[in-house]
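Read off the chains here:
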Amino acid sequence: QRLTGGDPQRVDAVSLLDHVVDDLRVLAEEHVVSVVINAAPEHLYVIENRVMLRQAMLNLISQILPCIYPGEALHVRIERRGERACIELDYRGDCLSRSPDPKDPQAIAQQLFDLLSVSCTKVTQGEGRQRITIELNIAEEQSVLIVDDNRDLIALFQRYLRHQPYQVYGAASFAQALAML
């Protein structure tokens, strides 16, 4: 059966990366490397198939970790650039000399990224420095309108959804809600 990109959904890319890195901590320790995440926003929502994106990131990072020079770190940076979320993986290493099975760490993950229509590029810099950049589409923020004369209830929903990709609006009456539309 052929793999496809599947149904896209809202994915918190920062949370997904945190989980991927946490899942790979033992592998990083085994190769005497560390992983440092620098996320500009606390949450950054993208529109992708969550399972396949997670699998692609797990695959890519697990292939990179054995290539990194011992004592060095994989720096993972995620930020918003216009309408795109950019994940940059920076490291110093050499997969051809450090890995028992030399191959490009991006090769297998690239197949998954291609299925997802995600841009993934690699740039080799001097002194073994490598940078892989993954670009994803930002998920549009959705609006929620709550009609209730209880302001505390509206404030509760606003607090509950503050880390979700929703803008919460409140109206005390049906007439006020219609005026907001």
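Residues numbered from 1 in each chain as written. Predicted model: local features only at pLDDT ≥ 70, side-chain atom pairs only at ≥ 80, totals over all residues. Heavy atoms only, no water.

Student: Lay out the pattern of salt bridges with the relevant residues and their values.
Tutor: This model, assessed by the stated rule, comprises nine salt bridges. E135 serves as the salt-bridge partner of R84, at 3.5 Å between the closest nitrogen and oxygen. Here R84, found in strand β5 (residues 84-92), pairs with E135, found in strand β7 (residues 129-137); they are 51 residues apart in sequence, far enough to count as distant. Of the charged contacts in the structure, one is a salt bridge between E88 and R131, with a shortest N-O distance of 3.8 Å. Linking E88 in strand β5 with R131 in strand β7, this pair joins segments that are 43 residues apart in sequence. The buried category is assigned to E88, whose relative accessible area is 5%. Here the residues in one salt-bridge network are R77, E79, R81, E88, D90 and R131, joined through shared partners. (Salt bridge = Lys/Arg side-chain N within 4 Å of Asp/Glu carboxyl O. Helix = DSSP H or I, 4+ residues; strand = E, 2+ residues; numbered from the N terminus. Buried < 20%, exposed > 50% of the residue type's maximum accessible area, 1.4 Å probe, protein only.)

Student: An account of the side chain of D90 is requested, with residue identities and associated values reported.
Tutor: Along the chain, D90 falls in strand β5. Given the relative accessible area of 13%, D90 is considered buried. At 2.6 Å, the side chain of D90 forms a polar contact with the side chain of R131. Leaving out residues up to four positions away in the same chain, D90 has contacts with A73, L74, H75, R77, Q130 and R131. (Polar contact = N/O pair within 3.5 Å; in protein donor to acceptor, adjacent residues only side chain to side chain. Contact = heavy atoms within 4.5 Å.)

Student: Which residues make up the sheet that holds β7, and what values go with them?
Tutor: Strand pairing in a sheet relies on backbone hydrogen bonds. The paired strands run either parallel or antiparallel. Taking strand neighbours across the sheet as the criterion, the five strands line up as β2-β4-β5-β7-β6 in an open arrangement whose pairing is mixed. The sheet is open, and its two borders are formed by β2 (34-39) and β6 (119-124), each paired with just one other strand. Taking the axes of each pair of neighbouring strands and ignoring which way they run, one obtains an average angle of 15 degrees across the sheet. Note: strand β4 (residues 73-81) against β5, seven bridges, orientation antiparallel. Within the sheet, the bridge partner assigned to V76 lies in β5 and is L89. Lying over the sheet, helix α1 (residues 13-23) contacts β2, β4 and β5, oriented at roughly 170 degrees with respect to β2. Most of the contacts of helix α5 (residues 106-116) go to β6, to which it runs at about 155 degrees, and overall it touches β6 and β7. (Pairing = 2+ DSSP bridges. Axes fitted to C-alpha atoms, helices over the stretch in contact; angles between N-to-C directions.)

Student: Could you give an account of α5, naming the residues involved and the relevant values?
Tutor: Those residues of α5 lying buried are Q106, A109, Q110, L112, F113 and L116. Projected down its long axis, α5 carries its buried residues within an arc of 165 degrees, all on one side. The first or second residue beyond α5 is S117, which carries a positive phi of 60 degrees. (Arc of directions from axis to C-beta.)

Student: Quick rundown of the pairing of β5? Include the residues and the values.
Tutor: The element β5 is largely enclosed, with a buried count of seven among its nine residues. As defined by bridge partners, β5 adjoins β7 across nine bridges and the pair is classed as antiparallel. Bridge pairing links Y91 to Q130 in β7.

Student: Tell me about unusual backbone geometry, residues and numbers included.
Tutor: Its identity is not glycine, yet V32 carries a phi of approximately 55 degrees, on the positive side. Structurally, V32 is set in the loop between α2 (25-30) and β2. At E127, a position not held by glycine, the phi torsion is positive, near 60 degrees. Note that E127 resides in the loop between β6 and β7.

Student: Can you break down the environment of N59 residue by residue, with the values?
Tutor: For N59, the location among the structural elements is in helix α3 (residues 50-64). Take N59: its relative accessible area is 14%, and that puts it in the buried class. For the pair formed by N59 and A107, sequence separation is 48 residues and the distance between their alpha carbons is 9.8 Å. Excluding residues that lie within four positions of it along the chain, N59 makes contacts with I108 and A109.

Function cannot be inferred from these measures alone, as they are strictly geometric.
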